[in-house]
Protein chains: 2
Amino acid sequence: MNDPSEPATLKDVARVAGVALSTVSAYLNSTRKVSPALQVRIRDAVRELDYIPNFQARNLRMKRAASIGLVVPELANPYFAALAEGIESRLSGTGVTLTLSLTGSTGDREEAHASLLRRARLDGLVVISATGRTTSALLDLIERFPVVLADEQLPSLNAAFVGSDNRRGARSVADVALASGGRRPAIIAGPRSLWTAEARLSGYREALAGSGIEEHDVILERGDYTFASGLAAAMRLYPLERYDGSGPDIVIASNDLMALGVLRHLRRIGASVPEDVVVVGFDDIPVADMITPTLTTVSQPAHDIGFTATDLLLRTIDGEALADERVELPTELRVRESTR
Amino acid sequence: MNDPSEPATLKDVARVAGVALSTVSAYLNSTRKVSPALQVRIRDAVRELDYIPNFQARNLRMKRAASIGLVVPELANPYFAALAEGIESRLSGTGVTLTLSLTGSTGDREEAHASLLRRARLDGLVVISATGRTTSALLDLIERFPVVLADEQLPSLNAAFVGSDNRRGARSVADVALASGGRRPAIIAGPRSLWTAEARLSGYREALAGSGIEEHDVILERGDYTFASGLAAAMRLYPLERYDGSGPDIVIASNDLMALGVLRHLRRIGASVPEDVVVVGFDDIPVADMITPTLTTVSQPAHDIGFTATDLLLRTIDGEALADERVELPTELRVRESTR
DNA sequence: CTGTTAGCGCATTCAA
DNA sequence: TTGAATGCGCTAACAG
């Protein structure tokens, strides 16, 4: 063994095996037939030198990065975390690496990351937008790289998209909430700028239309998908210190985090769920099934979305898929204790 | 503008600017003085061609990856997600990229990832172990790369470590729990193989020793840091359908997820927290402050741990830091509603 | 089937 | 100060 600190290269292997460099390369990549005799010599040399191919060199030569980027606002949101895991699971075994880029939920650091990603010359990007805004940085990226949008659509952007059927999901969970017999529903919608928020809202409206409740009797609040905003909305809905039977008897929150905020406030003022008020969410984050009462919600196939988005991206990179494919995966209703 | 699909290279810039390639390189990296006249010409050429340096080539030349790896069991654990965010925030602005590798909490996919990471020739690794086991893959990695262990220590491993002071944190939260006046405490510890679990356990024992309660009167259960295992432990602790005042009056769970499991079971059997039973956790995951009652726990500086670990790693890569540095960051007690 | 050769895009010697 | 030349480690023609 001679291993003077420097890792072995293809050249070293060729020398030790007594064959040409290109033969080693060809054998290792099985890009052409190599006679059994040489195969053995090469294999031995590889083992002897503990040769590990240098992907940097290979990628430079092949003009690719063997890496895709994930642009995501934050990982603290368990839904995004699940998405990331789905992406990773698709990548596993492909030899493609995942480069993580957090933009912050405000999207302020987006610019810096965009330039970093351009320099890294990644093969493609899975982008999860938190703002719903089409920033110039993002636009620029989409021009240069194969990009698949996950979870959140962006208006008028000619990019592939994988998400879930927010409207149908919203409708199904709202149907359950309305079936409780309550007549004074409130909706806590998400930010106007987000496609998911608006899609869910239209699902809620469909359900309302089928319930016989006048649109006019429905209270509409807005939140920004955070726990704090859900709590704040609940306080507007139930301003009293103690629950007295007034206020909405159904609260439809546009995501689980906001529903948690509602649950929190209701318990504090002494209203019981689902007896006094029925509450539903959206997302099915893990805690939805850990709290008391467990939360009725709709499960988005976060893992699948990540997986499918990556699959689509990989195919786009290989030139197999169109750049404007759109996939909406089905959601699944989870009826639990917060509805009756 | 001539942009026939192919991105511009240094050579193109040199040609357009009418200077030598090496001059452009030197100017862009400010590695030597360049006359003002040439500076202008180079700048113009860069702008005209929309030149973006190819990091792959640069990295090949400089024998580095400009990327570090994060090896983490899963992102679904919000604590790990926060750690990852801390890592990312340290990296932001350095031009170093983060490559994500999920091993799965069982550690089965570890082997495959290790080989991928070796091929990618990353500059270093931040490793979060879920198993506490020292696998051969990991050992191999540590030999080859600068590695910093975050959160979880590994026995007899000569690697740098950044985590929090689990023992003191555990002691402080146990002190609060025991101050409730209860005399029948139960501890739900984590897996024996994990250093954090054992460190917390010894902190609990310290608190117990100071409380006058006989070690003998303490019930010790084991879980594996999951919600399900916390729930299971709670069912062993309180096997009855309805709470009748028997069973532990203090439950000290080794992490928040397990504490959530306990809370869930207690509510189901009709025990109230903190009146009947006091419950504490560890980690301060976001939901700890969203549920009812809010959970008394100890906050680990997850973000800081990630940040510090990365800082240490970067310094190790630059040859500034020793490979066996150990940092234990202070925890912070969060007294909330689940204790009285 | 195998070896020789020419770059991928860049940083860095060495002369000028 | 600047320019010309060399090679990082690899793949993919090309010629044998």
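Residues numbered from 1 in each chain as written. Chains lettered and ligands numbered in written order. Predicted model: local features only at pLDDT ≥ 70, side-chain atom pairs only at ≥ 80, totals over all residues. Heavy atoms only, no water.

Draft legend 1. Main features of the relation of the copies chain B and chain A. For the pair chain B and chain A, the relating rotation is 180 degrees, the translation along its axis is 0.1 Å, and the fit reaches an RMSD of 0.1 Å. The superposition operator between the copies reduces to a two-fold rotation axis. If distances are taken from each C-alpha of chain B to the rotation axis, the shortest is found for Thr99 of chain B, at 2.3 Å. In this assembly the copies share their binding face: 100% of the residues contributing to the interface of chain B also contribute to that of chain A. (Least-squares fit on C-alpha atoms with pLDDT ≥ 70 in both. Contact = heavy atoms within 4.5 Å.)

Draft legend 2. A look at the pairing of strand β8 (residues 250-253) of chain B. Residues and elements named next belong to chain B. Going residue by residue along β8, you find Ile250 and Ile252 tucked away on one face and Val251 and Ala253 tucked away on the opposite face as well. As defined by bridge partners, β8 adjoins strand β9 (residues 278-280) across 3 bridges and the pair is classed as parallel. Each residue of the ladder has a partner; that of Ile250, found in β9, is Val278. Each parallel crossover has a hand, and the one from β8 via helix α11 (residues 256-269) to β9 is right-handed. (Buried < 20%, exposed > 50% of the residue type's maximum accessible area, 1.4 Å probe, protein only. Helix = DSSP H or I, 4+ residues; strand = E, 2+ residues; numbered from the N terminus. Pairing = 2+ DSSP bridges. Right-handed = clockwise from strand over helix to strand, strands pointing away.)

Draft legend 3. Structural context of helix α3 (residues 36-49) of chain B. All names here are of chain B. In this model, α3 (14 residues) spans 20 Å end to end at C-alpha, consistent with the 20 Å of a helix rising 1.5 Å per residue. For α3, the complete set of buried residues consists of Ile42, Ala45, Val46 and Leu49. Angular distribution of buried residues about the axis of α3 spans 100 degrees; they occupy a single face of the element. For α3, exposure combined with an orientation more than 90 degrees from the buried face picks out Pro36 and Arg47. Contact partners of the buried residues in α3: α1 (10-17) and α2 (21-28). (Expected span 1.5 Å × (residues − 1). Arc of directions from axis to C-beta.)

Draft legend 4. Summary view of the protein's contact with DNA strand D. Lining the immediate surroundings of DNA strand D are 26 residues, of which Leu10, Tyr51 and Arg61 of chain A together with Ser35 and Lys63 of chain B lie closest. Each atom of DNA strand D within 4 Å of the protein was assigned to sugar, phosphate or base; sugar and phosphate come to 65%. At 3.0 Å, a backbone N or O of Asn54 of chain A approaches a phosphate oxygen of DNA strand D. One of the backbone nitrogen or oxygen atoms of Ala57 of chain A is found 3.5 Å away from a base nitrogen of DNA strand D. Only α2 (21-28) and α4 (55-62) of chain A together with α2 and α4 (55-62) of chain B provide two or more residues apiece to the surface near DNA strand D. Sort the elements by how many residues they give to the surface near DNA strand D and α4 of chain A lands first, with 4 residues. (Near = heavy atom within 4 Å. Polar contact = N/O pair within 3.5 Å; in protein donor to acceptor, adjacent residues only side chain to side chain.)

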